[in-house]
Amino acid sequence: MSPKQKLQNSYLPEDVIVEILARVPVKNLLRFKCVCTRWRKLILSPWFVSLHLNRSIFNPTRHSILVPSRCGNQSVSLDPVTFSPIQNFNQAHSFAQRVMYVGSINGLLCIRGDSPDCISIWNPSTRLFKKLPLGRHYSPINISFGFGWDPIANDYKVIKIGYQSNLENGQIKTWAEVWSANSDSWREIKVERNFFLCRNVYDVFVKGFAHWLVKDGLKSNIKPLVASFDMNTEVLQLVPVPEHLIGKPSALFCMNWKETFALAGCVSREPTKIYQVWTMESGSVGKEPWSKKFTFELDVDFYCFLYNVNGKLLLNRHGDVILYDVETRETKTIVTQWMVRVQYHVESLVSIKGFNPLGKDAKKME
């Protein structure tokens, strides 16, 4: 057999090469683009990007929990299984200002800068990003953001909600707008009822819905509500919380419990804190949505809830991220002196229209 024939026989079938590359980390794939033109076209093709994302979703080694520092210039990534640190990366080299994580989905991270209108979509794996255009509304305070994905239209969206207060009569006016990656523009969202925001970023994104815990009423008449935004229909609706939790607006937190939106509330503090967990069933927004699932004890003082993974809660306690096991009630400090907003991240090749390189040779956020 000639050397040329031996070389030809050593080639792998195309489908085998695709399956191998679909399981390769993004960092390696970025280098493999230089192997040949065929591989470059393959790696950049939308169908391969989708295939690689699906493989990554089912590969825990491609997952991490991103925890930004309190000053917003660096982050640490945690292993979602062992919760041990994987690596630290300095965001100050990439962005010219402090950043806060808004949300993460399919490998894309939505971040905001010091200014509420400085919003970007960033893929940390490919180091590509896009700064969003200015919206129709501007407010330095009383504003909150959400980030999500509409799988039907394959469209990534950022929703911005804010309110303006009238000091004379004590009334407020709530507004909302959404940015679409497909159209690269903002659209006004109809708000049926005015409400107050509790946080500057949304609480949970689950199955096409972004959820906020909000307030209706003033001072002693405050009523907690859940604001739910449908990424597909772009409808914003308000849902009352379960009656058992209405009188405890300061002891509520939202979470994604087994791919279902859930609301946890403290119903007893003596001798230990007892929390009830209620889930919002699929398709029940606007109806009687709540179903009580279970209760658990939490005998740890904490500032706010961060995330939950496999029945374990990530909590912020005095600036430290701690891990609380609901079943064993064991507590473990994960990292110290870090911010209160964390994101679950899956590495991917996903990009959106208008992405640009980010790094030493690229323009930073202005």
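In what follows, the structure referred to is the one given above.
Just so you know, these numbers come straight off a predicted model, no measurement behind them.

J.: I'm lost on the environment of H211 in this one. Help?
T.: As for its placement among the helices and strands, H211 is situated in strand β14 (residues 209-216). Judged by relative accessible area, which is 3%, H211 ranks as buried. Taking C-alpha positions, H211 is 9.9 Å from V201, a pair spaced ten residues apart along the chain. Not counting residues within four places of it along the chain, the set of residues in contact with H211 comprises Y202, D203, V204, V206, V226, A227, S228, F261 and M280. Of note is the side chain of H211, whose polar atom sits 2.8 Å from the side chain of S228.

J.: Mind showing me how you'd approach the packing of aromatic side chains here?
T.: Two measures describe an aromatic ring pair: the distance that separates the ring centres and the angle between the ring planes. Throughout the structure, instances matching the rule amount to ten aromatic pairs. A centroid spacing of 6.1 Å and a plane angle of 50 degrees characterise the contact between F261 and W290, whose relative ring orientation is tilted. Placement of the pair is F261 in strand β18 (residues 261-268) and W290 in strand β20 (residues 290-298), with a sequence separation of 29 residues. Pairing Y275 with F296 gives two aromatic rings, centres 5.5 Å apart and planes at 10 degrees, and the pair type is stacked. One end of the pair, Y275, is in strand β19 (residues 273-280); the other, F296, is in strand β20, with 21 residues separating them in the sequence. Ring pairing ties together the aromatic residues F253, W257, Y275, F294 and F296, which thus form one cluster. The residue whose ring lies beneath K160 is W186, and the NZ or CZ to ring-centre distance is 4.8 Å.

J.: Help me understand the packing of helix α2 (residues 14-21) against helix α5 (residues 46-57), please; the structure alone is not making it clear to me.
T.: For any two helices packed against each other, one specifies the crossing angle of their axes together with the interaxial distance. As a packed pair, α2 and α5 sit with axes 9 Å apart at the nearest point and diverge in direction by 55 degrees. Taken as axis vectors, α2 and α5 run oblique relative to one another. Residues V18, E19 and L21 of α2 form the contact with α5, whose own contacting residues are W47, F48, L51, H52 and R55.

J.: Honestly, the pattern of salt bridges in this entry has me stumped. Any pointers?
T.: When the charged atoms of two side chains with opposite charge come close together, those side chains can pair. Considering all chains together, one arrives at eleven salt bridges under this definition. Between R193 and D216 there is a salt bridge, with its nearest N and O atoms 2.4 Å apart. Placement of R193 in the loop between β11 (185-189) and β12 (196-197) and of D216 in strand β14 is noted, with a sequence separation of 23 residues between them. Residue classification places R193 among the partly exposed residues on the basis of a relative accessible area of 39%. Taking relative accessible area as the criterion, D216 reaches 18% and is therefore assigned buried. One continuous salt-bridge network, built from bridges that share partners, spans E19, R23 and R55.

Rules and cut-offs
- Residues numbered from 1 in each chain as written.
- Predicted model: local features only at pLDDT ≥ 70, side-chain atom pairs only at ≥ 80, totals over all residues.
- Heavy atoms only, no water.
- Helix = DSSP H or I, 4+ residues; strand = E, 2+ residues; numbered from the N terminus.
- Buried < 20%, exposed > 50% of the residue type's maximum accessible area, 1.4 Å probe, protein only.
- Contact = heavy atoms within 4.5 Å.
- Polar contact = N/O pair within 3.5 Å; in protein donor to acceptor, adjacent residues only side chain to side chain.
- Phe/Tyr/Trp six-rings, centres within 6.5 Å; stacked < 30°, edge-to-face > 60°.
- Lys NZ or Arg CZ within 6 Å of the ring centre and 35° of its normal.
- Axes fitted to C-alpha atoms, helices over the stretch in contact; angles between N-to-C directions.
- Parallel < 35°, antiparallel > 145°, perpendicular 65-115°, else oblique.
- Salt bridge = Lys/Arg side-chain N within 4 Å of Asp/Glu carboxyl O.

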